[in-house]
Protein chains: 2
Amino acid sequence: VGREFELIDEFVRALPHAQPPRGPGDDAALLPRGLCVTTDALVEGVHFTRPFFSLEDIGHKALATNLSDLAAIGASPTWWLCALGLPKGFLAVRALAAGMRPLARRYGLTLAGGNVTASPVLSVTLTLAGQARRPLLRSGARPKDLLYVGGRLGDAAANFVAQRRPTPLVEEGLVASRFAHAAIDVSDGLLQDVQHLLDASGVGAELQSSALPMSAALRRLPNALELALSGGEDYALVLAVPPSKRRALERVWPRRVPLSCVGRFTTRRGLRLDGRSVSPRGFQHL
Amino acid sequence: VGREFELIDEFVRALPHAQPPRGPGDDAALLPRGLCVTTDALVEGVHFTRPFFSLEDIGHKALATNLSDLAAIGASPTWWLCALGLPKGFLAVRALAAGMRPLARRYGLTLAGGNVTASPVLSVTLTLAGQARRPLLRSGARPKDLLYVGGRLGDAAANFVAQRRPTPLVEEGLVASRFAHAAIDVSDGLLQDVQHLLDASGVGAELQSSALPMSAALRRLPNALELALSGGEDYALVLAVPPSKRRALERVWPRRVPLSCVGRFTTRRGLRLDGRSVSPRGFQHL
């Protein structure tokens, strides 16, 4: 994964590119007139295997991961493009579409175009666009902001249903954009994604493990804390919220999703858990 | 290829989608405020093999095929997203970027974001956006319009350099958008792509083989006409031009690219070549 970020950086620097915080590096790119766009791919053998994932699961998850990127920037979804790579003899595009349809309908997404190509394995590469009035970037966190998590952590790593059918927090991202200074979605694990936000904002953070939102089922596992801190694919939202907006945010936050204050941002750089330094990728080795 | 279009149609109909002529089915999707977007993928083993294609060739071609879609709709390129699928151990993203850089610079394209994932083979899936003042759709051709080809036909099928380094006709598409009723780019072969335009516009066409723009080198090949009619990947532009705009178009057309009047659109449906009916996919079997 570390190499992934290096490769992206090398590639981007070799081309005319948008400048941060508006371009490569955030969850979605912020373009003129509030247009936000993001692209994300699911590849067979890398992100899923069949038949452990049904085609409907794959369709759902492809749209959900991209919707989560729009949620993290506080954008309202508008249109999308779908590029499919289909292995020889694959004809079941309707099953993929059936997995996408509920999310597309729920969030008012209009399919505007796409591409179909042959491919050695099934792949689904989507581009989603949204409109943001007050886009939430990774770079806006300030010392003394409270660190909130919207949603639950660790379920996707512990539980296969959550992994196959993640719920993007789109309405929650829109609500957060009215109050928060910054946001990121948790795709690679809480510690790693919080670190991305700290790097972009130039601040540090302190987390309390007792405050992390974990389901009762997760808490029963011996490695619950590790899964909550480093398990990926939860698509929870991490928010930097100024203390003055704390009550207003909690009042209007949708009730179906837990909202937890799990720490705060600090002038002192680095990431601390219960007072001890932690490395984003090194938790399991502590 | 026939199945490709069937699959796209099945997929699109199963989801909330934009209505033609503004959505799936055209070279690029036309969104509010003149925003045009397109997505196209190059996959190793399907669209290219290494080392026959260098990484620079692959980068160039990925951007060129998407730019050709923007050219066909008469849009001026603005920003793009790049989704890379990289095989294990692949680190040479700079070589890909080096093949993309000249086109990105020439056409003012800003990289706004992207995605990198592992993949069994190298794949490059791009989303390009442009702005169009007078977008050219496939559906605008009318009987009596002249059928023009911008660029040359058959070179990509005959000649490996043209296949690896296609030239997108971006300025030409912008010029055409001031005069033409409709356009399409020739990616699958002249007959097949003209047929797409006829289907979308509800008209027929007559072509004269003697007028087709073929290079001197191509004409020396025994199957020159077949290559010009059915060879793909030329990224020439087919235009429907009202007779009253003929002179104006020819006057301002850029000199570096040939512009040939090769036939006309007709009320009578179907596609005819030198007075005989031809099928888009059946030329070689006539």
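It should be emphasised that the depicted structure is a prediction, and the values quoted were computed from it without experimental measurement. (Residues numbered from 1 in each chain as written. Chains lettered and ligands numbered in written order. Predicted model: local features only at pLDDT ≥ 70, side-chain atom pairs only at ≥ 80, totals over all residues. Heavy atoms only, no water.)

J.: I keep staring at the relation of the copies chain B and chain A and nothing clicks. Help me out?
T.: Relating the two copies of this chain is a rotation about some axis coupled with a shift parallel to it. After a rotation of 180° and a shift along the axis of 0.0 Å, chain B superposes on chain A with an RMSD of 0.0 Å. Both copies are brought into coincidence by an operation consistent with a two-fold rotation axis. When the interface residues of chain B are mapped onto chain A, 100% of them again lie at the interface, so the same face is used by both copies. (Least-squares fit on C-alpha atoms with pLDDT ≥ 70 in both. Contact = heavy atoms within 4.5 Å.)

J.: How should I be thinking about the interface of chain B and chain A in this particular structure?
T.: A common way to report how large an interface is uses the accessible area buried once the components associate. Every contact between the two is made by 59 residues of chain B and, on the other side, 59 residues of chain A. Both sides together, the interface formed by chain B and chain A hides about 4,700 Å², and carbon and sulfur atoms give 74% of it. If you sort the residues of chain B by the area they bury against chain A, F11, P16 and L111 of chain B come out on top, with a joint share of 13%. Summed over the shared surface of chain B and chain A, the number is two salt bridges. (Buried area = accessible area lost by both parts, 1.4 Å probe. Salt bridge = Lys/Arg side-chain N within 4 Å of Asp/Glu carboxyl O.)

J.: Is there a simple way to think about unusual backbone geometry in this case?
T.: Excluding glycine, a negative phi dihedral is what most residues carry, and trans is how most peptide bonds are arranged. Residue and element names in this part refer to chain A. The residue after R50, namely P51, is reached through a cis peptide bond having omega 0°. When you line up the elements, P51 lands in the loop between β2 (35-43) and α2 (55-73). With phi around 65°, E233 is a residue other than glycine that occupies positive phi space. Within the secondary structure layout, E233 lies in the loop between α9 (224-230) and β9 (237-241). Residue classification places E233 among the partly exposed residues on the basis of a relative accessible area of 22%. (Helix = DSSP H or I, 4+ residues; strand = E, 2+ residues; numbered from the N terminus. Buried < 20%, exposed > 50% of the residue type's maximum accessible area, 1.4 Å probe, protein only.)

J.: Explanation requested: the sheet that holds strand β4 (residues 110-118) of chain A in the structure shown.
T.: What holds strands together in a sheet is hydrogen bonding between their backbones, with the strands either parallel or antiparallel. Residue and element names in this part refer to chain A. Pairing within the open sheet is mixed, and its five strands lie in the order β1-β2-β5-β3-β4. At either end of the open sheet lies a strand with only one pairing partner, and these are β1 (29-30) and β4. Pairing of β1 with β2 involves two bridges; the strand directions are antiparallel. For A29, the partnering residue across the bridge sits in β2 and is V37. (Pairing = 2+ DSSP bridges.)

J.: So what exactly am I meant to see when it comes to the sheet that holds strand β12 (residues 276-277) of chain B here?
T.: Residue and element names in this part refer to chain B. Strand order in the open sheet formed by seven strands is β7-β9-β6-β10-β8-β11-β12, and the pairing between neighbours is mixed. With one partner strand each, in any of the chains shown, β7 (182-185) and β12 form the two edges of the open sheet. Inspection of the sheet shows strand β8 (residues 204-207) paired to strand β11 (residues 271-273) by three bridges, in the parallel sense. Following the sheet pairing, L207 is matched in β11 by L273. Where helix α2 (residues 55-73) meets the sheet, its contacts fall on β7 and β9 (237-241), and the angle it forms with β7 comes to roughly 170°. Contacting β6 (146-150), β7, β8, β9, β10 (259-266) and β11, helix α7 (residues 190-201) runs over the sheet at an angle of about 145° to β7. (Axes fitted to C-alpha atoms, helices over the stretch in contact; angles between N-to-C directions.)

J.: Sorry, what's going on with the packing of α2 of chain A against helix α3 (residues 93-106) of chain A here?
T.: Relative placement of two packed helices is described by the angle separating their axes and the distance separating the axes. All names here are of chain A. The interhelical angle for the contact between α2 and α3, taken along N-to-C directions, is 40°, at an axis separation of 6 Å. If you check the angle between α2 and α3, you find them oblique. In terms of crossing hand, the pair formed by α2 and α3 is right-handed. Between α2, through L55, E56, I58, G59, H60, L63, A64 and L67, and α3, the contact on the second element is made entirely by A95, L96, A98, G99, M100, L103 and A104. By residue class, the composition of the contact of α2 with α3 is 11 nonpolar, three polar and one charged. (Parallel < 35°, antiparallel > 145°, perpendicular 65-115°, else oblique. Left-handed = near helix turned anticlockwise from the far one by under 90°. Nonpolar A, V, L, I, M, F, W, Y, C, P; charged D, E, K, R; others polar.)

J.: Hey, could you run me through the pairing of strand β3 (residues 76-86) of chain A in this one?
T.: If a strand is regular, its side chains alternate between the two faces of the sheet. Residues and elements named next belong to chain A. Within β3, nine of the 11 residues are buried, leaving the element largely enclosed by the surrounding structure. The pairing of β3 with β4 spans eight bridges and is classified as parallel. Bridged to W80 within β4 is L111. The handedness of the β3 to β4 crossover, carried by α3, is right-handed. (Right-handed = clockwise from strand over helix to strand, strands pointing away.)

J.: I would appreciate a short explanation of the nonpolar core in the present structure.
T.: In summary, soluble globular proteins display a tendency toward joint burial of nonpolar side chains. With 61 residues, the main nonpolar core has F11 of chain A together with L63, W80 and L239 of chain B as its most contacted residues. Ranked by residue count, the leading element in this core is α2 of chain B, at 10 residues. Ignoring any residue separated from it by four or fewer positions in sequence, one finds L63 of chain B in contact with W80, M100, L103, A104, L109, L126 and L128 of chain B. I58, A132, A176 and L249 of chain A belong to the second-largest nonpolar core, a separate cluster that totals 60 residues. (Core = buried A, V, L, I, M, F, W, Y, C linked by side-chain atoms within 4.5 Å.)

J.: Looking at this structure, I do not really get the pattern of salt bridges. What am I missing?
T.: Where charged atoms from two side chains of opposite charge approach closely, those side chains can pair. Residues and elements named next belong to chain B. Tallied over the entire structure, the rule returns 22 salt bridges over all chains. For R106, the salt bridge goes to E171, with nearest N and O atoms at 3.3 Å. Residue R106 is found in helix α3 (residues 93-106), and its partner E171 is found in helix α6 (residues 170-176); the two are separated by 65 residues along the sequence. The partly exposed category is assigned to R106, whose relative accessible area is 46%.

J.: Looking at this structure, how should I read the confidence of the model for chain A?
T.: Reading fine detail from the predicted coordinates is not recommended where pLDDT is low. All names here are of chain A. The pLDDT averaged across chain A works out to 93; a share of 96% of its residues lies at or above 70. Considering only residues more than four positions removed or in separate chains, one finds that residues 282-286, a stretch of pLDDT under 50, has nine contacts. Among the scores for the predicted complex, ipTM is 0.91 and pTM is 0.92. (pLDDT = per-residue confidence, 0-100.)

J.: Where do I start with empty space enclosed by the protein in this structure?
T.: A probe matching the size of a water molecule, rolled over the atoms, marks out where space remains unfilled. Applying the stated criterion across every chain yields a total of one cavity of 30 Å³ or more. By volume, the largest cavity amounts to about 200 Å³. Every element with two or more residues in the lining of the largest cavity is listed here: β2, β3 and β5 (123-131) of chain A together with β2 (35-43), β3 (76-86) and β5 (123-131) of chain B. Looking at side-chain class alone, the lining of the largest cavity contains 12 nonpolar, 10 polar and no charged residues. (1 Å grid on protein atoms, 1.4 Å probe; cavity = no way out; pocket = protein on both sides within 12 Å on 5 of 7 lines; lining within 4 Å. Points joined across faces, edges and corners; volume = space filled by probe spheres on them.)

J.: What's the story with the state of the cysteines in this structure? I'm lost.
T.: Two cysteines joined by a covalent bond between their sulfur atoms form a disulfide. For the coordinates displayed, the defined rule picks out zero disulfides over all chains. Its sulfur unpaired, C82 of chain B is 18 Å from the next cysteine sulfur, which belongs to C82 of chain A. (Disulfide = S-S within 2.5 Å.)

J.: Help me understand α3 of chain A, please; the structure alone is not making it clear to me.
T.: An α-helix turns once per 3.6 residues; consequently, residues spaced three or four apart project the same way. Residues and elements named next belong to chain A. For α3, with 14 residues, the first-to-last C-alpha span of 20 Å sits near the 20 Å given by 1.5 Å per residue. Residues V93, A95, L96, A97, G99, M100, L103 and A104 constitute the buried set of α3. With its phi angle positive at about 65°, G108 sits one or two positions after the end of α3. (Expected span 1.5 Å × (residues − 1).)

J.: For this particular structure, what's the right way to read the environment of G270 of chain B?
T.: Residue and element names in this part refer to chain B. Take G270: it is sitting in the loop between β10 and β11. The class of G270 is partly exposed, set by a relative accessible area of 28%. Distance from G270 to E6, taken between C-alpha atoms, is 20 Å for residues 264 residues apart in sequence. The residues contacting G270, other than those within four sequence positions of it, are L198, G204 and A205.

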